[in-house]
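# Architecture at a glance
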Amino acid sequence: MPKGPRKVLGIIGDPVAHSLSPVMQNAALAHLRLPYIYVPFHLKTDQLKEFFRTLKSRRIAGLNVTIPHKQGVIPFLDSLSREAKMIGAVNTIILRNRKWIGHNTDGAGYVTSLKKEAGYSVRGKHVTLIGAGGAARAIAVALGMEEAREILILNRTAKKAFDLAHELNRKFAHTVYGASRLDKVEPYAWPATDLLINATSIGMKPADRLPVPLRKLKATALVSDIVYTPLDTPLLKEARRLKLKTHYGWGMLLYQGALAFRLWTGRNPPIEVMKKTLLDSLSR
Ligand code: ATR
């Protein structure tokens with residue numbers, strides 16, 4: 001253990017007890033013998049203001065933010081990164097020159113996971129993205145930054161998909177965003193898909209089924225799920241049965257944390273240590 005007083009990193013959320021970030025980040029900090037400790041802070045929305053008022057006196061050096069505070073923390077920060085501004089939400093806060101800066105590593109974490117775990121680059125690809133909530137939004141922005149060619153956003157509530165596509169079409173010149181209601185997708189969309197992403201919570205319950213005809217995807221398509229409990233979701237099982245390539249949900253969790261670790265500490269995150277700790281916890 002490093003000598004001297006330790007700085008505090010942590011995660012704020014409600015609930016937060018289930019979060020795997022403390023075990024993953026503490027394993028990385030201990031591995032590099034860095035003088036930090038990472039703790040969960042269970043905060044209700046009406047406690048945010050007081051928490052941020054006393055942040056500096058608590059020796060806090062950086063934070064993760066999870067549900068439901070990813071947008072609610074923004075008024076308490078001094079500035080936002082380009083990604084956080086575009087996504088409209090913050091999952092990582094860093095202290096620079098006594099200023100609190102909001103970042104969002106969710107989307108970049110997802111894209112990094114695709115690269116590192118599936119060897120996949122989204123540049124020039126046709127993506128079908130299911131969901132239009134917070135997670136889908138972060139991914140849709142990151143895919144635009146990586147210059148995916150076309151992104152079709154599907155959502156149960158069609159208006160949210162159309163609004164998101166409309167907004168992102170104005171922000172990204174190299175990517176065309178389309179939208180559709182999840183159960184009214186034009187049939188030609190499936191064989192045109194290079195990468196299919198589930199960015200909803202569907203799949204967490206065993207009976208959950210996405211209304212997606214995987215058999216209509218081309219043989220080279222990659223099927224990706226952001227759900228990581230269970231590790232092997234019904235969507236991924238079905239994709240494997242059809243001999244399609246798959247990409248697992250834990251990757252986004254791992255790499256959003258790894259990118260946050262680098263922002264706080266300036267050090268290269270020990271990915272293998274973080275990955276092992278995360279997968280051990282998830283398979284318990
Ligand atoms: P997150 O921050 O995890 O993305 P969210 O912002 O609440 O959470 O978004 C949840 C997403 O999952 C939405 O796209 C939601 O669809 P709606 O916008 O129609 O609500 C989608 N979702 C959740 N449960 C669903 C279900 N049973 N069927 C279809 N879509 C579902």
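Since we're looking at a predicted model, the values are computed, not measured.

What counts and what doesn't
- Residues numbered from 1 in each chain as written.
- Predicted model: local features only at pLDDT ≥ 70, side-chain atom pairs only at ≥ 80, totals over all residues.
- Heavy atoms only, no water.
- Helix = DSSP H or I, 4+ residues; strand = E, 2+ residues; numbered from the N terminus.
- Rg over C-alpha atoms; globule rule 2.2 N^0.38 Å.
- Buried < 20%, exposed > 50% of the residue type's maximum accessible area, 1.4 Å probe, protein only.
- Contact = heavy atoms within 4.5 Å.
- Areas by Shrake-Rupley, 256 points an atom, 1.4 Å probe, with all protein chains shown as cover.
- Lys, Arg positive; Asp, Glu negative; His and termini not counted.
- Charge placed at Lys NZ, Arg CZ, Asp CG, Glu CD.
- Domains from an automatic or database assignment.
- Buried area = accessible area lost by both parts, 1.4 Å probe.
- Salt bridge = Lys/Arg side-chain N within 4 Å of Asp/Glu carboxyl O.
- Polar contact = N/O pair within 3.5 Å; in protein donor to acceptor, adjacent residues only side chain to side chain.
- Core = buried A, V, L, I, M, F, W, Y, C linked by side-chain atoms within 4.5 Å.
- Axes fitted to C-alpha atoms, helices over the stretch in contact; angles between N-to-C directions.
- Parallel < 35°, antiparallel > 145°, perpendicular 65-115°, else oblique.
- Left-handed = near helix turned anticlockwise from the far one by under 90°.
- Pairing = 2+ DSSP bridges.

Counting its regular elements, the protein chain contains 10 helices and 12 strands. Whereas a compact globule of 284 residues would reach a radius of gyration of roughly 19 Å, the protein chain reaches 19 Å, a difference of no more than 12%. Dimensions of the protein chain, computed from the C-alpha atoms along their principal axes, are close to 60 × 40 × 30 Å. Buried positions account for 52% of the 284 residues belonging to the protein chain. Contacts in the protein chain between residues at least 24 apart in sequence constitute 69% of all its contacts with a sequence separation of at least 6. A total of about 13,800 Å² of accessible surface is found on the protein chain, and carbon and sulfur atoms cover 54% of it. Treating the 44 positive side-chain charges of the protein chain as one cloud and the 21 negative ones as another, the clouds have centres 5 Å apart.

Under the domain assignment used here, the protein chain contains domain 1 (7-104 + 252-282) and domain 2 (107-248). When each unit is reduced to the centre of its C-alpha atoms, the spacing between domain 1 and domain 2 is 26 Å. Taken together, the contacts link 15 residues of domain 1 with 20 residues of domain 2. Of the roughly 1,500 Å² buried between domain 1 and domain 2 on both sides combined, carbon and sulfur atoms contribute 72%. On the domain 1 side of the interface with domain 2, the three residues burying the most area are M86, M252 and Y255, jointly 46% of the side's total. Linking domain 1 to domain 2 there are one salt bridge. Close ionic contact of K275 with E117 constitutes a salt bridge, the shortest N to O distance being 3.1 Å. Applying the counting criterion to the domain 1 and domain 2 interface returns four residue pairs in polar contact (both at pLDDT 80 or more).

Buried together is how nonpolar side chains tend to be arranged in soluble globular proteins. Counting 34 residues, the largest nonpolar core has Y110, L129, I139, L143, I153, L195 and I197 as its most contacted members. For this core, the elements supplying multiple residues, two or more each, are α3 (82-87), α4 (106-118), β7 (126-130), α5 (134-145), β8 (150-155), α6 (158-171), β9 (176-181) and β10 (195-198). Per element, the largest residue contribution to this core is seven residues, and it comes from α5. Residue contributions to this core reach at least three from each of two domains, namely domain 1 (7-104 + 252-282) and domain 2 (107-248). The contacts of L129, once residues within four sequence positions are left out, are A136, I139, A140, I151, L152, I153, L154, I197 and A199.

Interhelical geometry of helix α1 (residues 21-31) versus helix α9 (residues 250-265) gives an angle of 50° and a closest axis separation of 11 Å. As far as their axial angle goes, α9 and α1 are oblique. Pair α1 / α9 crosses with right-handed handedness. For the pair α1 and α9, the contacting residues are S21, M24, Q25, A28 and L29 in the first and L253, L254, Q256, G257, F261, W264 and T265 in the second.

This part takes up the side chain of S281. Checked against the element boundaries, S281 lands in helix α10 (residues 271-282). According to the relative accessible area criterion, S281 is buried, its value standing at 17%. In contact with S281, other than residues within four places in its own chain, are L20 and V23.

What follows deals with the sheet that holds strand β6 (residues 99-103). Across the sheet, six strands lie side by side as β2-β1-β3-β5-β6-β4; this open sheet has mixed pairing. What marks the edges here is a single partner per strand, and that holds for β2 (36-42) and β4 (79-80). Here five bridges tie strand β5 (residues 92-96) to β6, and the two strands are oriented antiparallel to one another. Residue pairing across strands places I93 opposite G102, the latter belonging to β6. Across the sheet, α9 touches β1 (7-13), β2, β3 (60-65), β5 and β6, and the angle it forms with β5 is around 10°.

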